[in-house]
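Take a look at the letters that make up each chain.
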Amino acid sequence: MTQLAGQPLLFGKDPGKFYPSQFVKIGRFNDEEEPLFHEEVEGNLLKILEEVPRMLDHKFLKRNIRFEGFQRIEVWEYPIEALREMLLNALAHRIYQGAHIQLRVYEHHLSLWNEGPLPMDISAESLKGPHVSHPRNLLIAGVLFRAGYIDMWGTAR
């Protein structure tokens, strides 16, 4: 990807014009893998980073309620940090000429898929600890770093 190629993905008004798979499909599934309903979040990466968590919060995930004294506390079903890490990794490391990102929400788990293999010297197991960062899309990773979304050190946070 050239330095200019990532600009529609990051800031464009209609990045789907240049990258037709530039969207995230979120689906709710039953235990038999049957889709119950779905939504598509389209737009540039900054819009997707804003809209996917909002869509998950309002339509796909539950909030657990507990009380501290007289105060009601609503806690997301999954840690925000884990959802953030999943989405940012999917956006920064995907192949944009490939298929769209798929986020499947089930009753007791969720899964996120994007097209693109791991770099040859990184295993799935090594991702659980500190490792060297190998951004697939340097321009996108650089902007996400400068905007404060990622650290670009390969930490497992």
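For clarity, every value in this text was computed on a predicted model and none was experimentally measured.

Quick notes on the rules
- Residues numbered from 1 in each chain as written.
- Predicted model: local features only at pLDDT ≥ 70, side-chain atom pairs only at ≥ 80, totals over all residues.
- Heavy atoms only, no water.
- Buried < 20%, exposed > 50% of the residue type's maximum accessible area, 1.4 Å probe, protein only.
- Helix = DSSP H or I, 4+ residues; strand = E, 2+ residues; numbered from the N terminus.
- Polar contact = N/O pair within 3.5 Å; in protein donor to acceptor, adjacent residues only side chain to side chain.
- Phe/Tyr/Trp six-rings, centres within 6.5 Å; stacked < 30°, edge-to-face > 60°.

> Explain helix α2 (residues 45-60) to me, and be specific about the residues and the numbers.
Among the residues of α2, those classed as buried are Leu45, Ile48, Leu49, Glu51, Val52, Met55, Leu56, Asp57 and Phe60. For α2, the capping residue at the N-terminal end is Asn44, with a side-chain oxygen 3.1 Å from the backbone nitrogen of Leu46.

> Please provide a residue-by-residue account of the packing of aromatic side chains, values included.
Evaluation of the coordinates by the stated rule reveals three aromatic pairs. Considering the side-chain rings of Tyr19 and Tyr96, the 6.4 Å spacing of their centres and the 75° angle between planes classify their relative orientation as edge-to-face. Taken together, the residues Tyr19 in the loop between α1 (7-11) and β1 (23-29) and Tyr96 in the loop between α3 (80-93) and β5 (101-105) connect sequence positions 77 residues apart. Of the two residues, Tyr19 and Tyr96, both sit in the buried class. Here the aromatic rings of Phe37 and Phe60 are separated by 5.2 Å at their centres, their planes lie at 35°, and the arrangement is tilted. Here Phe60 lies in helix α2 and Phe37 lies in strand β2 (residues 35-42), a separation of 23 residues in the sequence.

These values are about where atoms sit, not about what they do.
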